Amino acid sequence: MRKKLLVGAMALALCTPFAPSNAVAKSSVIKIGEVNSYKAQPAFLEPYRKGMELAVQEINDAGGVSGKKLELIIRDDNGNPGDAVRVAEELLSRERVDILAGSFLSNISLALSDFAKQKKVFLLVGEPMTDRLTWNGGNEYTFRIRPGTYTQTAMLIPEAVKLNKKRWAIVYPNYEYGQAATAAFKQLLKEAQPDVEFVVEQAPPLGKVDAGSLVQAMTDAKPDAIFNALFGADLLKFVREGNTRGLFDGREVVSLLTGEPEYLDPLKEETPDGWIVTGYPWNGVDIPQHESFLKAYQARFKDYPRLGSVVGYSMMHAIAAGVAKAGTTETDALIQAFKHLSLDTPFGPITFRSQDNQSTMGTYVGRTKKKDGKGVLVDFMYIDGTDPAFHPSGDEIARARAKN
């Protein structure tokens with residue numbers, strides 16, 4: 001009975017019509033316009049889309065929000081900020097959507113956030129990690145599910161400090177996310193270990209890694225340890241070349257995102273053992289909320305979920321919960337409803353903080369291991385996003401947001 005009530009409440013929250021200045025009662029559906037880089041980033045976004053679809057099915061099957069069904073209208077942004085803004089405009093003007101959602105790449109999320117501010121429309125992003133979404137560039141119209149770059153990097157620092165390594169090499173994609181991750185890692189590690197040195201940095205353009213020269217430059221610097229923020233195809237090239245040239249032999253590696261199934265799966269036999277990573281151990285999360293989600297996901301898609309699946313699923317249920325709390329899809333009411341909004345996710349309960357519109361979803365930190373020909377996450381622990389040790393103070397966040 002309790003499970004039926006939970007699914008009904010989550011579904012109730014997700015299926016409500018929202019358009020700027022539209023009340024729920026004035027429409028028979030909630031139209032959510034979702035903009036994302038499906039063609040450019042399929043590894044994460046195909047499972048993400050499945051997570052959204054599962055949530056929509058649950059919500060609509062349970063009767064929707066106030067009896068209104070959810071309609072999800074999806075557009076591809078071609079991995080381009082200009083295209084993202086163009087299709088967002090089309091979703092508002094032609095499709096008459098009530099809420100905007102989505103984005104994957106940080107630069108695109110910033111363009112959409114600025115668009116939402118100009119149009120005074122509610123925007124919920126799931127995956128982009130740039131801190132400018134919620135801190136020094138944050139606005140009242142934009143909320144986010146997943147932890148930001150600073151927070152997720154900070155959750156790796158205690159493990160990096162335990163290594164007690166002095167000479168570090170760093171590699172990252174040269175755009176907003178990679179730059180921010182590197183800045184946070186250097187700042188936080190230096191504060192915890194003042195004698196640390198950063199002996200080399202490699203910053204290839206996203207999707208254009210020259211792995212041979214990059215690995216050689218890092219090898220020549222003779223670091224004791226490596227911090228990596230590459231992902232996707234760039235990560236695969238880096239690992240393959242690093243394995244070939246022995247870059248990782250006898251060296252510890254701390255790696256952001258690498259423990260996510262989206263990026264571990266393609267590595268297969270090339271998965272390095274023992275990297276300290278953030279990720280998602282889909283078959284090891286032992287809480288009722290995740291067990292229910294996993295069972296439903298596997299039943300529908302005959303596959304296991306990736307982190308994108310959790311993000312997409314949680315994002316849709318958050319929209320539902322917010323509309324249910326607001327009792328309307330009017331923008332100002334939704335903004336107020338999302339402040340301190342709490343809901344269950346496959347990772348457990350989360351709450352949106354009022355000071356920065358960021359949810360308290362946490363992150364799994366563990367080590368990589370090659371098992372049965374594929375990469376898995378082992379020795380992991382969940383780090384709760386409510387822990388203030390992994391965020392700037394409330395005063396610092398307020399000052400950063402005031403600058404916008």
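Residues numbered from 1 in each chain as written. Predicted model: local features only at pLDDT ≥ 70, side-chain atom pairs only at ≥ 80, totals over all residues. Heavy atoms only, no water.

Visitor: Residue-level account of the sheet that holds strand β9 (residues 252–259), with values.
Guide: What the 7 strands build is an open sheet, ordered β7-β6-β8-β9-β10-β13-β14; its pairing is mixed. At either end of the open sheet lies a strand with only one pairing partner, and these are β7 (197–202) and β14 (374–383). Here the strands of the sheet are splayed against their neighbours by 25° on average, with no regard to which way each runs. Docked against the sheet, helix α8 (residues 211–220) engages β6 (167–171), β7 and β8 (225–228), running at close to 165° with respect to β7. (Pairing = 2+ DSSP bridges. Helix = DSSP H or I, 4+ residues; strand = E, 2+ residues; numbered from the N terminus. Axes fitted to C-alpha atoms, helices over the stretch in contact; angles between N-to-C directions. Contact = heavy atoms within 4.5 Å.)

Visitor: Can you break down the side chain of Q41 residue by residue, with the values?
Guide: Here Q41 shows up in the loop between β1 (29–36) and α2 (42–61). Given a relative accessible area of 16%, Q41 falls into the buried group. Not counting residues within four places of it along the chain, the set of residues in contact with Q41 comprises F104, L105 and F231. (Buried < 20%, exposed > 50% of the residue type's maximum accessible area, 1.4 Å probe, protein only.)

Visitor: Pulling in residues and values, what's your account of the packing of α2 against helix α12 (residues 307–326)?
Guide: Their axes nearest at 6 Å, the elements α2 and α12 cross at an angle of 35°. Note on packing geometry: the crossing formed by α2 with α12 is right-handed. Residue-level inspection shows F44, P47, Y48, G51, M52, L54, A55, V56, E58 and I59 of α2 in contact with α12, the latter providing L307, G308, S309, V311, G312, Y313, M315, M316, H317 and A320. Along the lines of polarity and charge, the residues of the contact of α2 with α12 split into 14 nonpolar, 5 polar and 1 charged. (Left-handed = near helix turned anticlockwise from the far one by under 90°. Nonpolar A, V, L, I, M, F, W, Y, C, P; charged D, E, K, R; others polar.)

Visitor: So what's going on with the pairing of strand β2 (residues 69–76)? Residues and values would help.
Guide: One ladder, built from 8 bridges, connects β1 with β2; its direction is parallel. Note that in β2 the partner of I32 across the bridge is L72. A crossover connection joins β1 to the parallel β2 through α2; in handedness this β-α-β unit is right-handed. (Right-handed = clockwise from strand over helix to strand, strands pointing away.)

Visitor: I'd like a rundown of the nonpolar core, residues and numbers included.
Guide: Counting 123 residues, the largest nonpolar core has L124, W168 and F238 as the members making the most contacts within it. Here this core takes 11 residues from α12, the largest share from any one element. Those residues in contact with F238 that sit more than four places away from it in its chain are V171, A211, L214, V215, M218, N228, L230, L247, F248 and W275. (Core = buried A, V, L, I, M, F, W, Y, C linked by side-chain atoms within 4.5 Å.)

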